[in-house]
Amino acid sequence: MKKFFKNFSLLGIFMLGLCIVLGVGEVSGAVMSADGVGTQIDGGGKPAEGTPGGNAPGGVQVATAERGALETWDYRKWSPDLIKDDVDQNIVQIRPYANQLDTILRYVGTKNINSFEFSYYSISSRDVSDKILSFTTPSTASSKKEGCVATIGVSNFGNFDVTDTIYVPSIPGADDNPLVLYVYAKDDTKQLLNVTCGENQVKSVTGGYAIPDIATDTVIYAMGRAAAETDVLSPAVEFLPDKTEGYCQRFMFQISISNYAKMADKEVKWDLSEIEEEALFDFRRRMEASFLFGRKDKMYDPIKKKHVYTTGGIVNQITQTTTLNSNAADGNKEVVEMMKFVFMGNSGAKERFAFAGSEAVARISKMNGIVKQQDAVKTEVIMGITWSKMVSNFGTINLAHHEILDEYGYSDKLIIIDPQFLRKYQIENFTKDNHNGREKLVVNGDIVVFNESAGVAVLNPKAHCIVTVAA
């Protein structure tokens, strides 16, 4: 009997399973629809309330085998963690900025020093142009041959010496040719030049003859000396270099990651090496801003109770400025005049480089007569940077768009530099130090410190220029 019940039990289990497989009998459970989507149903054969295929809370109808397949949206609404989003494993590096000045400084070379304060001497040729500050005619001469005299004050008294001749192109003499003066004496106390002119230039005035009047702000130019026949000596000219001081700035940057953060699983690879790459870009970008716009100064930190040095950027060292009118009727002529100002009278190279803000590039590109010229000239890669060329008989300007200028209020400007008159002074080369934060009892993780101590100097300020491209 026991053997019978035992066999019956095994037989019953087998038959029950067969019935389930063949669909015999009434079973409440999970049934696979024709498209393979499982739908929970109740005893009446209808979708259950609040389940996929039934009436969702709020009356939302969810697709069933009869109405259509379940869509991705349904999964996201009722089981948001069921579908895993595809994650691009590459980090998109948004970097519209290039550190162009820093790149050029590394190409032109650096001078290693051992102090945060540095000095350099520079000497440039004397200016040939000046302006009249005052003009006085002491008295008239009764005859042209007696020599008419006058005294003039000028902006830069040191540019002129006894026996110099002075060209005044805007003032005609009696013969309608431009006036030329001769310096026969100097009054060092009053900072005045005593001048005369030739008998063919003096004009007839009441009571005799006089040098033509010269208005204030009239532009004049120094020319060669004129010695008398018996002269054996000429006034000595002294040239002394000017001393300029600068400061190095210690640039530091630090990143760290904890040991637990390193071990954690991540959707994308984001570990110390990725953080380091991004930090290095940001580090150089901020150095670029300091080299461009920084101010040379020594500042006291009240917490550290120590001084910190900041370097002077080239913008604050350049003395030459001019304006380019982008709405000029003849754009080509306007550009040529600008280039004349940039290249003349400063002993600079015939090829220079310009960092341009976005607005400056746009305005120049739309100037009359400029677009065709730009299209005809190819770009050139110099020092790893792509430049477009602006060419004139005065010289060539290699122009590159530098987006960092926009962020610092220089969108409408060109910063034109002559690399031969730029120098980077450096106490410490760029270094990267790796530290075990746990061993140093600082943090339970790794630390990376970037460091560079450097400053920039403009050796010949007049060889560089800041141009505002006016609308």
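What comes next is a walk through the structure. What you are looking at is a predicted structure, and each value in this text was computed from that prediction instead of being measured.

Sheet architecture is open: 7 strands sit in the order β19-β27-β24-β20-β23-β22-β21, paired in mixed fashion. Only two strands of the sheet have a single partner each, and these edge strands are β19 (321-325) and β21 (380-382). Each strand axis lies, on average, 35 degrees off the axis of its neighbour in the sheet, ignoring direction. Here β19 pairs with strand β27 (residues 465-470) via 5 bridges, running parallel. Residue pairing for β27: T323 is matched across the bridge by T468. Lying over the sheet, helix α3 (residues 100-108) contacts β20 (351-356), β22 (385-391), β23 (396-401) and β24 (413-417), oriented at roughly 90 degrees with respect to β22. In the packing of helix α6 (residues 331-343) onto the sheet, contacts are made with β19, β20, β22, β23, β24 and β27, and the angle to β19 comes to roughly 170 degrees.

A separate point is the side chain of T218. Inspection of the secondary structure assignment puts T218 in the loop between β13 (208-210) and β14 (219-225). We classify T218 as buried; its relative accessible area is 10%. Of note is the side chain of T218, whose polar atom sits 2.7 Å from the backbone oxygen of A215.

Our next topic: the pattern of salt bridges. Taken as a whole and assessed by the stated rule, the structure comprises 12 salt bridges. Its salt-bridge partner being E380, residue K389 comes within 2.9 Å of it at the nearest N-O pair. Its relative accessible area of 17% is what places K389 among the buried residues. By relative accessible area, which is 34% here, E380 ends up partly exposed. One salt-bridge network, held together by shared partners, links D102, R284, K424 and E452.

With that out of the way, let us pick up the side chain of T396. By secondary structure assignment, the location of T396 is in strand β23. Once you skip the residues sitting within four places of it in the chain, T396 turns out to touch M339, F343, K350, E351, R352, K389, M390 and V391.

So, about the nonpolar core. In terms of nonpolar packing, the biggest core is built from 32 residues, with L101, I314, F355, I415 and I417 touching the most fellow members. Elements that contribute at least two residues to this core include exactly α3, α5 (272-293), β20, β22, α9 (404-407), β24 and β26 (445-458). With 6 residues, α5 is the single largest residue contributor to this core. L101 has contacts with E288, F291, L292, I314, F355, H402, I417 and L422, leaving out every residue within four places of it along the chain. If you look at the next biggest cluster of nonpolar residues, it comprises 22 residues, including F135, F157, L181 and V202.

With that out of the way, let us pick up the pairing of β22. The pairing of β21 with β22 spans 3 bridges and is antiparallel. By the bridge assignment for β22, E380 is matched with W387. Of the pairings in the sheet, the one linking β22 to β23 comprises 4 bridges and is antiparallel in character. Note that in β23 the partner of K389 across the bridge is N398. The turn linking β22 back onto β23 is made up of 4 residues.

This part is about the environment of N200. Along the chain, N200 falls in the loop between β11 (192-197) and β12 (203-205). Along the sequence, N200 and L179 sit 21 residues apart, while their C-alpha atoms lie 9.9 Å from each other. Residue contacts for N200: discarding those within four places in its chain leaves A174 and D175.

About the cut-offs
Along each chain, the written sequence defines residue order, and numbers are assigned to residues from 1. Reporting in this predicted model follows two pLDDT cut-offs: at least 70 for local features of residues, and 80 or more for side-chain atom pairs to be given and counted; totals over whole chains, interfaces and linings ignore these cut-offs and use all residues. As a rule here, side-chain values cover all heavy atoms of the structure and leave hydrogens and water aside. Pairing between strands is defined by DSSP: at least two bridges between them are needed. Secondary structure elements follow DSSP: runs of H or I no shorter than four residues count as helices, runs of E no shorter than two count as strands, and numbering proceeds from the N terminus. For helices, the fitted line uses only the C-alpha atoms of the stretch in contact; every axis is such a line through C-alpha atoms, and the angle between N-to-C directions lies from 0 to 180 degrees. Note on definitions: a residue-residue contact is assigned when non-hydrogen atoms from the two residues lie within 4.5 Å. Three labels apply to residues, based on accessible area from a 1.4 Å probe with only protein chains included: buried if under 20% of the type maximum, exposed if over 50%, partly exposed otherwise in between. Polar contacts, as used here, are pairs of N or O atoms within 3.5 Å; protein pairs need one atom able to donate a hydrogen and one able to accept it. Residues neighboring in sequence count only if both atoms are side-chain atoms. By definition here, a salt bridge exists when the distance from a side-chain nitrogen of Lys or Arg to a carboxyl oxygen of Asp or Glu is within 4 Å. By nonpolar core is meant a set of buried Ala, Val, Leu, Ile, Met, Phe, Trp, Tyr and Cys residues that side-chain atoms within 4.5 Å join together.

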